[in-house]
Amino acid sequence: MKSKCKLLSSEVNNKRPPIIDYEGSDYQSTFWDKGGREYEDQAEELALRRLLPKSGQLLLELGAGAGRNTPRYHGFERIVLLDYSTTQLQQAQEHLGNSSRYVYVAADVYQLPFVQGAFDCATMIRTLHHMAEAPRALHQIRGVMSSGGTFILEYANKLNLKAILRYGTGRQSWSPFTWEPVEFVELNFDFHPKAVRVWLGNNGFRVDRQLTVSHFRLGWVKRWLPTRLLVAMDSIAQLSGDLWQLTPSVFVRSTAVGDTPRPAPNELFRCTICGHSPLGESPDFITCSACGRQWAVQDGIYDFRQPIELPK
Ligand SMILES: C[S@@+](CC[C@H](N)C(=O)[O-])C[C@H]1O[C@@H](n2cnc3c(N)ncnc32)[C@H](O)[C@@H]1O
């Protein structure tokens, strides 16, 4: 996999938190397709099946990457795949094929280009761990969800058994028991389950169910036991997730509580600069009639990362 830890200079220089760079990354092929992670992938599929609503209208997939999980959102009429990397979205387009069911958006989780209350469901899998300001990201997500909507969040858990053992035997300096995130590699964070629950509560979500996932994520266990057996054992163990969370990965299903204005029918985008909606749409551009900003639409990807520089 190519280096992912380059900070984008535009993000370092202004107030927005830094973003990890997946542009040009072969993450899907190296980490998943050839990475020996069939067990983790299938355990995550199982968790999603347990947590997803049977049906819905519009689902937002935050940090969609190459669309590994997108085919799992069977019951939804439309799916918006959001990622900061256009090359990840291009890989998702190749993977998912041409369909009006999918909308591809290049944008920053910290600055979502959607009207309030647009989505009745959102998922964020293996992406919160790149957030230096996780509560700020959760606040953005709640804003674009309808009241009563379902949010499924996966996060990397610092309170996992391996970290506890390593800390207990002096092989790890940071404590897995304290609530602050640990940045184990630049822009890769593990979180404490209690901190995540508090952040969700503070940002308008009610936690309904937790599943612990990837109980057997150990190289030698995966080498010696068949994937099917590991997934079957994980399936049972996942159910203890509301009692304790000691796995490297945790899935949480929450409900968006409190009031959110209902968007006008068919209104999806809003201006990331001035907040105006609706935006004008032509084949190549999205335009804000209030502040005049424009964003590019290229090869089926709405690019909301930066407005187009207009000639002076
Ligand atoms: C580890 S990949 C996970 C991809 C996919 N969810 C999966 O599980 O296969 C994390 C993804 O989050 C995206 N990402 C990271 N920070 C982001 C941000 N601030 N805004 C939008 N996308 C972001 C990256 O570009 C990358 O594609």
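All figures in this text were calculated on a predicted structure; none of them were measured in a lab.

### Here we look at the domain arrangement of the protein
Here is step 1 of the chain: Partitioning the protein into structural domains gives domain 1 (9-266) and domain 2 (269-312).
Here is step 2 of the chain: At the level of elements, helix 4 (86-96) and strand 3 (102-106) are the ones that each hand at least two residues to the side of domain 1 that touches domain 2.
Here is step 3 of the chain: A breakdown of the residues in the side of domain 1 that touches domain 2 according to their chemical character gives nine nonpolar, three polar and one charged.

### With respect to the pairing of strand 9 (residues 249-256)
Here is step 1 of the chain: Among the eight residues of strand 9, seven are classified as buried, and the element is accordingly described as predominantly covered.
Here is step 2 of the chain: Summarising the sheet, strand 5 (residues 145-156) and strand 9 pair through seven bridges and their orientation is antiparallel. Counted as the bridge partner of A156 is S249 from strand 9.
Here is step 3 of the chain: In this sheet, strand 9 lies alongside strand 8 (residues 205-213) in antiparallel orientation, the contact comprising eight bridges.

### Focus: the site of the ligand
Here is step 1 of the chain: Y22, G63, G65, R68 and Y84 are the nearest of the 20 residues found near the ligand.
Here is step 2 of the chain: Considering only residue class, the shell around the ligand consists of nine nonpolar, seven polar and four charged.

### Concerning the nonpolar core
For soluble globular proteins, the rule of thumb is that nonpolar side chains tend to be buried together.
Here is step 1 of the chain: Among the nonpolar cores identified, the biggest contains 72 residues, and L81, V105 and A122 are the most heavily contacted of them.
Here is step 2 of the chain: Here the element with the most residues in this core is strand 5; it accounts for six residues.
Here is step 3 of the chain: Residues lining this core come from more than one domain, with at least three contributed by each of domain 1 (9-266) and domain 2 (269-312).
Here is step 4 of the chain: When neighbours within four sequence positions are excluded, L81 is seen to be in contact with E61, A64, G67, T70, L89, A92, Y102, Y104 and V105.

### Overview of the packing of helix 5 (residues 134-143) against helix 7 (residues 193-202)
Here is step 1 of the chain: The contact between helix 5 and helix 7 brings their axes to 9 Å, and the two run at 40°. Taken together, the axis directions place helix 5 and helix 7 in an arrangement best described as oblique. Seen along the crossing, helix 5 lies across helix 7 with a hand that is right-handed. The residues of helix 7 that touch helix 5, namely those facing A134, P135 and L138, are W199, L200 and N202.
Here is step 2 of the chain: Looking at the contact of helix 5 with helix 7 residue by residue, the classes come out as five nonpolar, one polar and no charged.

### Observations concerning the packing of helix 3 (residues 38-51) against helix 9 (residues 227-237)
Helices that pack against each other are described as a pair by the angle of their axes relative to one another and the distance between those axes.
Here is step 1 of the chain: One way to put it is that helix 3 packs onto helix 9 with a least axis distance of 9 Å and a crossing angle of 35°. Like other packed secondary-structure pairs, helix 3 and helix 9 cross with a definite hand, here right-handed. Contact with helix 3, carried on its side by E38, Y39, Q42, A43 and L46, involves T227, L230, V231, D234 and S235 of helix 9 and no other residues of that element.
Here is step 2 of the chain: Here the residues of the contact of helix 3 with helix 9 sort into five nonpolar, three polar and two charged.

### Thoughts on the environment of R37
Here is step 1 of the chain: Relative to the helices and strands, R37 resides in the loop between helix 2 (27-33) and helix 3.
Here is step 2 of the chain: Judged by local crowding, R37 falls into the partly exposed class, with 17 C-beta atoms found within 10 Å.
Here is step 3 of the chain: With residues near it in sequence (within four places) discarded, R37 still touches F31 and W32.

### Thoughts on the sheet that holds strand 9
Here is step 1 of the chain: Taken in spatial order, the eleven strands make up an open sheet running 8-9-5-4-1-2-3-13-12-11-10, and their pairing is mixed. Across the chains shown, the open sheet's two edge strands, defined by having one partner strand only, are strand 8 and strand 10 (280-281).
Here is step 2 of the chain: For strand 1 (residues 56-62) and strand 4 (residues 119-124), the ladder comprises four bridges, and the chain directions are parallel. Bridge pairing links L60 to A122 in strand 4.
Here is step 3 of the chain: Strand contacts of helix 5: strand 1, strand 4, strand 5, strand 8 and strand 9, with the helix running at about 150° to strand 5, the strand carrying the most contacts.

### Details of helix 5
At 3.6 residues per turn, the α-helix brings residues three or four places apart onto the same side.
Here is step 1 of the chain: Looking only at helix 5, the buried set comprises A134, A137, L138, I141 and R142. An end-on view of helix 5 places all buried positions within 135° of arc, on one side of the element.
Here is step 2 of the chain: Tucked inside the fold, the buried residues of helix 5 contact strand 1, strand 4, strand 5, helix 7, strand 8 and strand 9.

What counts, and where the lines are drawn
- Every residue gets a number counted from 1 within its own chain, in the order that chain's sequence is written.
- Per-residue local features of the predicted model are confined to residues with pLDDT of at least 70, and side-chain atom pairs are confined, for both listing and counting, to 80 or more; whole-chain, interface and lining totals are unaffected and use all residues.
- Start and end positions for the domains come from either an automated domain assignment or a database one.
- Secondary structure counts use DSSP, requiring at least four H or I residues in a row for a helix and at least two E residues in a row for a strand, with both numbered from the N terminus.
- Ten residues, namely Ala, Val, Leu, Ile, Met, Phe, Trp, Tyr, Cys and Pro, are considered nonpolar, four, namely Asp, Glu, Lys and Arg, are considered charged, and the remaining ones, Gly among them, are considered polar.
- Here a residue counts as buried when 20 or more other C-beta atoms fall within 10 Å of its C-beta, as exposed when 12 or fewer do, and as partly exposed in between; the C-beta atoms come from the backbone.
- One requirement defines pairing of two strands: DSSP has to find at least two bridges between them.
- Only the C-beta atom matters for nearness: placed from the backbone, it must lie within 6 Å of the molecule or strand for the residue to count as near.
- By definition, a nonpolar core groups buried Ala, Val, Leu, Ile, Met, Phe, Trp, Tyr and Cys residues that are joined through C-beta atoms within 7 Å.
- Note on contacts: residues are paired as contacts if their backbone-placed C-beta atoms lie within 7 Å.
- Angles run from 0 to 180 degrees between N-to-C directions of axes, and those axes are lines fitted to C-alpha atoms, restricted for helices to the stretch in contact.
- Relative orientations are named as follows: roughly parallel for angles under 35 degrees, roughly antiparallel for angles over 145 degrees, roughly perpendicular for angles from 65 to 115 degrees, and oblique for any other angle.
- Helix crossings are classified by the rotation of the near helix relative to the far one: an anticlockwise turn of less than a right angle makes the crossing left-handed, while a clockwise turn makes it right-handed.
- The arc in question is the one traced by the directions running from the helix axis out to the C-beta atoms.

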